[in-house]
Amino acid sequence: MPRPDQVQDPELRNLFEQAQGSMKSGLANDAVQTLVDALHRLLELKPELASEQLEPRPGWKMHFLSRWPQLGANFVKGSLDKNEPEIEFVKENFALSEAITYYEFTLETAIKRGA
Amino acid sequence: MKFGLFYELQLPKPAGHPQWDPDDELKIYHDMLDQVELADSLGFDYVFEVEHHFLEEYSHSSAPEMMMAALSQRTKNIRLGHGIVLMPPGYNHPARVAERIAALDLLSNGRVEFGTGESASTMELGGFEVDRADKKAMWEECTREAANMMVQTPYQGYQGQFFSMPPRNVIPKPRQTPHPPLWVAASRRETTMLAARFGMGSLGFGFETPEELSERTDEYYRIIREECYPIGHAINAGLAVLTTFMMGKTDEEALERSANGPAFFSHSLGYYYNPITGGKHQPGEKNIYDSFLEANKKQNTLSAATGFVKEEDIRKDEPDEEVQRALYRAARSGTAVGTVDRVRDMLKTYEDNHLDVMIFVAQCGDRKHEHIMESIELFGKEILPEFKERHERDHTAWRAEQLAPVDFPINSSI
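This part covers the overall build of chain A. A count of helices and strands for chain A gives three helices and four strands. Taking 115 residues into account, the globule formula puts the C-alpha radius of gyration at 13 Å, and chain A, at 14 Å, falls close to it. For chain A, the spread of C-alpha atoms along the principal axes amounts to about 45 × 30 × 25 Å. Considering only residue pairs separated by 6 or more positions, chain A has 56% of its internal contacts joining residues 24 or more positions apart. Summing over all exposed atoms, chain A offers an accessible surface of approximately 5,400 Å²; the carbon and sulfur share of this is 45%.

Our next topic: the confidence of the model for chain B. Mean pLDDT over chain B: 92, with 91% of residues reaching 70 or higher. In the predicted complex, the global pTM is 0.93; the interface-specific ipTM is 0.90.

In this assembly, 27 residues from chain B lie in contact with 25 residues from chain A. Counting the surface chain B buries against chain A, the share from its top three residues, B:Arg189, B:Glu190 and B:Tyr229, is 24%. Inspection of the region where chain B meets chain A yields five salt bridges. In this structure, the salt-bridge partner of B:Arg189 is A:Glu108, at a minimum N-O distance of 3.1 Å. Remark: the boundary between chain B and chain A carries seven residue pairs in polar contact (both at pLDDT 80 or more). Of all the elements in the fold, those that place two or more residues in the side of chain B that touches chain A are α5 (135–151), α6 (189–197), α7 (210–226) and α14 (322–332) of chain B. Looking at which element gives the most residues to the side of chain B that touches chain A, the answer is α7(B), with six residues. Classifying every residue of the side of chain B that touches chain A gives ten nonpolar, one polar and 16 charged.

Overall, the coordinates contain 37 salt bridges over all chains when judged by the stated rule. Note that B:Arg222 is salt-bridged to B:Glu226, the shortest N-O span being 2.8 Å. Highlighted residues: B:Arg222 and B:Glu226, both in helix α7, separated by four residues, approximately one helical turn. Look at B:Arg222 and you get buried, because its relative accessible area is 8%. Overall, the relative accessible area of 46% leaves B:Glu226 in the partly exposed class. When salt bridges that share partners are traced, they join A:Glu104, A:Glu108, A:Lys112, B:Arg189, B:Arg197, B:Glu219, B:Arg222, B:Glu226 and B:Glu227 into one network.

This brings us to the nonpolar core. One broad rule of soluble globular proteins: the nonpolar side chains tend to lie buried together. Ranked by internal contacts, the top residues of the largest apolar core, which has 119 residues, are B:Phe360 and B:Phe379. Ranked by residue count, the leading element in this core is helix α2 (residues 28–45) of chain A, at nine residues. Filtering out sequence-adjacent residues up to four positions away, B:Phe379 remains in contact with B:Phe3, B:Phe44, B:Phe245, B:Met247, B:Leu347, B:Phe360 and B:Leu384. In this structure, B:Val130, B:Ala137, B:Cys364 and B:Ile414 belong to the second largest nonpolar core, which totals 35 residues.

Conventions and cut-offs
Residues numbered from 1 in each chain as written. Chains lettered and ligands numbered in written order. Predicted model: local features only at pLDDT ≥ 70, side-chain atom pairs only at ≥ 80, totals over all residues. Heavy atoms only, no water. Helix = DSSP H or I, 4+ residues; strand = E, 2+ residues; numbered from the N terminus. Rg over C-alpha atoms; globule rule 2.2 N^0.38 Å. Contact = heavy atoms within 4.5 Å. Areas by Shrake-Rupley, 256 points an atom, 1.4 Å probe, with all protein chains shown as cover. pLDDT = per-residue confidence, 0-100. Buried area = accessible area lost by both parts, 1.4 Å probe. Salt bridge = Lys/Arg side-chain N within 4 Å of Asp/Glu carboxyl O. Polar contact = N/O pair within 3.5 Å; in protein donor to acceptor, adjacent residues only side chain to side chain. Nonpolar A, V, L, I, M, F, W, Y, C, P; charged D, E, K, R; others polar. Buried < 20%, exposed > 50% of the residue type's maximum accessible area, 1.4 Å probe, protein only. Core = buried A, V, L, I, M, F, W, Y, C linked by side-chain atoms within 4.5 Å.

What follows is the structure, given as structure tokens:
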């Protein structure tokens, strides 16, 4: 199961450790900002993620990144369709549960892609 | 491994008819009372019931606290689980939740399991004007404060983002201290890990395989030991998983009795949780069972027609996406459908991977009450005793080892 020490890229690993520290201190906003930075770094390392598709049912395609939690740090509408994912913050304050959800998704994605 | 029953109170409309028969809702409510009373007498450990609103045919369980109160008087030992209470304050004010949980805990002599969640369907969120973007934050704030209300005398009051109230003594207080065990609904892996970080049990609604479970169990208990910041005043360490359930004297009989249940469960769930179909649902008009039968003419997912499929063949066709995969599994891989031997063997694979609680979906689709009763009886007499024995002997020791380093109160009923 995903843990920061399984991340190969030092910069990305550092971001996950930083996010983990923020969550432990109850600093959800800081954690979410750091995890958005981690997503950007992941896209630098694995640019193919921007256009990766899932096929939940035969004939139905969806962007893999549409699984990124839409909890306030959301993709700009249409940016996924252009394969140019761009995050916008639609609110200022995040709950710890939201930060944890971003953390688990981003960390698992990074490790599964060998980043 | 312990065992429970899970209720959505499904009620498909009669095929070809625009509405139910007048006594249909009356029947499923009283059938559930009979089924749980029987399960209690045979030693089942838990019953969990959902809270859903407006999801016609899929779930007619909008006031589970009423059913739980009735069950508290018809059962002796089975634990009464909310699976789950919708925590955003648009559905339930946290003080009302704390009051109801505590009152039920008193009525049942301390048998309540406090499952929590946030909901996801457009019909429910829109019906109560709950903002989808903030529902997780609402869940967190209201769950934490409901737990505080059950503990603090008086509750010191709260100025929050989603609700506020002045200091009040929220009474009654629950029988269990500091409060009943806390759970959260987890249909994705991320939420199971969130449950661990918050010190909550994970009610896994993803129909996880034994292999996935093994991986998740290791990480879940590691987080509980090393990275847990509890949302409540005690940790409820526990992983629960759903599976479909129907037994028979032969595999063929079990499949026939399983009927359209799992496939309808999956179809109606997918219908409401898909924003396109669920968002355009015409209240009071649509017959989902008819559309389900129509869809199945093409896909042939009915269990009796499909028969048992090898696990590796099922896995081969699974969707990549987690929610779609859960829907697929709900319809196709009936883990606990079959004879005593088949069901026992399948459950053993979960037991070997240290699952804490297996929850059976027996009541679903157009299954018959008498078949559910016979299945409960067969399982309770032929399978449950040996699992109980191993639970007390082996699993309890395994859990004690996992949780030994935890320096925080634990109030799990597992």
